[in-house]
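One letter stands for each residue in the lines below.
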Amino acid sequence: MKKKLISSLIFLIILFAALPYSAGAANENLLKYTSSGNAFGGGENLQIDQNIQGDLVLAGSRLEINGNTGDDFRGAGGEIIVNGNVSGNIIAAGGSIRVNGNVGGDVEAFGGQIFLSRDSVVEGDILLGGGEVTLDGTVNGNGKVSTGTLKTGDGFKLKGNLSLQADNYPSNLKDKVGGNLNISQVNVKEEQYESISEGFSIFSFIFGLLASLVLGLILIYLFPNFVSGLAEILKDSPLKTGILGFLALIFLPVISVILLFTFFGWSLSVLIILLLILALLIATVPVKLLAGKVIYNKILKKDAGKMVYYLVGAVIFAIAYEIPLLGGLIRFIALVIGLGAIVAWLAIRARPTS
């Protein structure tokens, strides 16, 4: 569990770091190794030719893995090509995902186009979701595929059961599946809307959690004293910070509107609005950090770093936000308390030192 937790944390950090690369903001590539043999990196056009002993975690515009991976591969990018063998699992998301090597575990891939080449062998199961899926390799386990169009080559063979949801698929698909074949087509509009709504809800949850993790972890990494100071203010007086945040949420927009209609106050009005937006963006970070620390210490009876504390808190709050009715209230309270902590922190710093 600890290994998976650390690997996922590294993946989130690298995913954030690779965003400017994917937008073409830089031409540099990054690949770092840990003492346990894991590797993580990101870049606009990243090519891995060497073998990796442990996990490989990558994010970027174009990823090409030519070496073998001793454990799992996790990747996110515009185009992902896995030519080497992966001893563990493949978990990938991107515009185009192609698996040309052998996989000792499962393959979980989500993207626009997904390819399983003729030379590839997957020892475990496949879980694929994409606009177009092409299967031309061997799968020794079971399969679950959701796609608009499924294409199969002459080399495709799945030894287990296949559960398929697709609008278009080959007529001879049954001949290529060794176990049971279960095919469902969505023809009713109401079912389509329900499926889209459910998929969007899941995507929103995952995207919201990732955005929260990325923002918080980067903020903690760059400004650890600032975030720790906010958490200490929350710990000392959560009620007072909540009231202060509620008042700030009401009166700051009113003050900015009033200043907007004055001759010299419009620039100050814009500044107040921008600072308020920034404060609201980061307001829940100290709340999640403090909550994660309390819960982690209570359950595991030991200390950890700020990154781990925030990871625990962010996941718990993401789940709590999904509770009907109560989730919205929790979100609002966390936002108000965090905003109050920021205002209090600024007020403390603005006091004369004399």
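What you see is a predicted model; the values in this text were computed from it and never measured. (Residues numbered from 1 in each chain as written. Predicted model: local features only at pLDDT ≥ 70, side-chain atom pairs only at ≥ 80, totals over all residues. Heavy atoms only, no water.)

K.L.:
Hey, could you run me through the overall build of the chain in this one?
P.N.:
The helix and strand tally for the chain stands at 8 helices and 13 strands. Counting every position in the chain, which comprises 354 residues, the buried fraction comes to 42%. Counting only contacts in the chain whose residues sit at least 6 apart along the sequence, the fraction spanning at least 24 positions is 24%. Summed over its atoms, the accessible surface of the chain is roughly 19000 Å², and 63% of this surface lies on carbon and sulfur atoms. (Helix = DSSP H or I, 4+ residues; strand = E, 2+ residues; numbered from the N terminus. Buried < 20%, exposed > 50% of the residue type's maximum accessible area, 1.4 Å probe, protein only. Contact = heavy atoms within 4.5 Å. Areas by Shrake-Rupley, 256 points an atom, 1.4 Å probe, with all protein chains shown as cover.)

K.L.:
What is the right way to look at empty space enclosed by the protein in this model?
P.N.:
Unoccupied space between atoms shows up once a probe the size of one water molecule is rolled over them. Evaluated as defined, the whole model comprises 2 cavities of 30 Å³ or more. By volume, the second largest cavity amounts to about 40 Å³. If you trace the second largest cavity, you find it lined by Val99, Val107, Ile114, Phe115, Leu116, Ile126 and Leu128. Ranked by residues supplied to the lining of the second largest cavity, first place goes to strand S6 (residues 107-116) with 4 residues. Classifying every residue of the lining of the second largest cavity by side-chain character gives 7 nonpolar, no polar and no charged. (1 Å grid on protein atoms, 1.4 Å probe; cavity = no way out; pocket = protein on both sides within 12 Å on 5 of 7 lines; lining within 4 Å. Points joined across faces, edges and corners; volume = space filled by probe spheres on them. Nonpolar A, V, L, I, M, F, W, Y, C, P; charged D, E, K, R; others polar.)

K.L.:
Honestly, the pairing of strand S10 (residues 143-152) in this entry has me stumped. Any pointers?
P.N.:
In regular strands, side chains alternate between the two faces of the sheet. Sheet topology places strand S8 (residues 126-135) next to S10; 9 bridges connect them, and they run parallel. Each residue of the ladder has a partner; that of glycine 130, found in S10, is threonine 147. Pairing analysis gives 6 bridges linking S10 to strand S12 (residues 162-168), with the strands arranged parallel. Residue pairing for S12: glycine 143 is matched across the bridge by leucine 162. (Pairing = 2+ DSSP bridges.)

K.L.:
Explain the pairing of strand S4 (residues 73-82) to me, please; I cannot follow it from the model alone.
P.N.:
For S4, the tally of buried residues reaches 8 of 10 residues, placing the bulk of the element in the interior. Of the strand pairs in this sheet, strand S3 (residues 56-65) and S4 are connected by 9 bridges, and their pairing is parallel. Each bridged residue has a counterpart across the sheet, and for glutamate 64 the counterpart in S4 is isoleucine 81. With 9 bridges joining them, S4 and strand S5 (residues 90-99) adopt parallel strand pairing. The partner of phenylalanine 73 across the bridge, within S5, is isoleucine 90.

K.L.:
It is not clear to me how the packing of aromatic side chains should be interpreted in this structure. Could you clarify?
P.N.:
Geometry of an aromatic ring pair is reported as the spacing of the ring centres plus the angle between the planes. The final tally for this structure, using the stated rule, is 3 aromatic pairs. Centre to centre, the rings of phenylalanine 226 and tryptophan 345 are 4.8 Å apart; their planes meet at 85 degrees, and the pair counts as edge-to-face. Linking phenylalanine 226 in helix H3 (residues 224-236) with tryptophan 345 in helix H8 (residues 326-350), this pair joins segments that are 119 residues apart in sequence. Comparing phenylalanine 226 with tryptophan 345 shows no difference in burial state: the two are buried. Taking 5.7 Å as the distance between ring centres and 70 degrees as the angle between the ring planes, the aromatic pair formed by tyrosine 296 and tyrosine 309 counts as edge-to-face. (Phe/Tyr/Trp six-rings, centres within 6.5 Å; stacked < 30°, edge-to-face > 60°.)

K.L.:
For this particular structure, what's the right way to read the sheet that holds strand S9 (residues 138-139)?
P.N.:
Think of a sheet as strands paired side by side through backbone hydrogen bonds, with each pair either parallel or antiparallel. Spatially, the 3 strands line up as an open sheet ordered S7-S9-S11, and their pairing is parallel. Two strands close off the open sheet at either side, each with one partner strand: strand S7 (121-122) and strand S11 (157-158). Looking at chain direction, S7 and S9 are connected through 2 bridges and run parallel. Note that in S9 the partner of valine 122 across the bridge is valine 139.

K.L.:
Just to check I follow, could you spell out helix H6 (residues 284-300) for this structure?
P.N.:
Since the α-helix turns once every 3.6 residues, residues separated by three or four places project in the same direction. For H6, spanning 17 residues, the distance from its first C-alpha to its last is 24 Å, which sits close to the expected 24 Å at 1.5 Å a residue. Of all the residues in H6, the buried ones are Thr284, Val285, Pro286, Val287, Lys288, Leu289, Leu290, Gly292 and Tyr296. Lysine 301 sits one or two positions beyond H6 and adopts a positive phi of about 60 degrees. (Expected span 1.5 Å × (residues − 1).)

K.L.:
Teacher, can you tell me more about the nonpolar core here?
P.N.:
Here is a general trend for soluble globular proteins: nonpolar side chains tend to be buried in one another's company. Within the largest apolar cluster, 36 residues are counted, with the highest numbers of intra-cluster contacts made by Leu58, Phe73, Ile90, Val107, Ile126, Leu128 and Leu135. Counting residues per element, the ones that place at least two in this core are strand S2 (39-48), S3, S4, S5, S6, S8, S10 and S12. Not counting residues within four places of it along the chain, the set of residues in contact with phenylalanine 73 comprises Leu56, Leu58, Ile65, Ile80, Val82, Val86, Asn89, Ile90 and Ile91. Counting residues in hydrophobic clusters, the runner-up holds 35 residues, among them Ala279, Leu289, Leu290 and Ala318. (Core = buried A, V, L, I, M, F, W, Y, C linked by side-chain atoms within 4.5 Å.)

K.L.:
How do you make sense of the packing of H3 against H8 when you look at a structure like this?
P.N.:
Two quantities define a packed helix pair, namely the angle between the axes and the distance from one axis to the other. With their axes 9 Å apart at the nearest point, H3 and H8 run at an angle of 110 degrees to one another. The angle between H3 and H8 falls in the class roughly perpendicular. Here Phe226, Gly229, Leu230, Ile233 and Leu234 of H3 come into contact with H8, specifically with Ile337, Gly338, Ala341, Ile342, Ala344, Trp345 and Ile348. Classifying every residue of the contact of H3 with H8 by side-chain character gives 10 nonpolar, 2 polar and no charged. (Axes fitted to C-alpha atoms, helices over the stretch in contact; angles between N-to-C directions. Parallel < 35°, antiparallel > 145°, perpendicular 65-115°, else oblique.)

K.L.:
What's the story with the side chain of aspartate 136 in this structure? I'm lost.
P.N.:
Mapped onto the elements of the fold, aspartate 136 is located in the loop between S8 and S9. A relative accessible area of 15% places aspartate 136 in the buried class. Among the polar contacts listed, one links the side chain of aspartate 136 to the backbone nitrogen of aspartate 154, at a separation of 3.4 Å. Ignoring sequence-local partners within four residues, the contact set of aspartate 136 consists of Leu116, Ser117, Arg118, Gly153, Asp154, Gly155 and Phe156. (Polar contact = N/O pair within 3.5 Å; in protein donor to acceptor, adjacent residues only side chain to side chain.)

K.L.:
Would you mind going over the confidence of the model for the chain with me for this structure?
P.N.:
Keep in mind that low pLDDT regions are not for reading the predicted coordinates in detail. Per-residue confidence for the chain gives a mean pLDDT of 81; residues scoring 70 or more make up 82%. In this model, residues 1-28 is a region of pLDDT below 50 whose contacts with residues beyond four sequence positions or in other chains number 49 contacts. Within the model, pLDDT remains below 50 along residues 195-200, and this stretch shows 0 contacts once partners closer than five positions in the same chain are excluded. (pLDDT = per-residue confidence, 0-100.)

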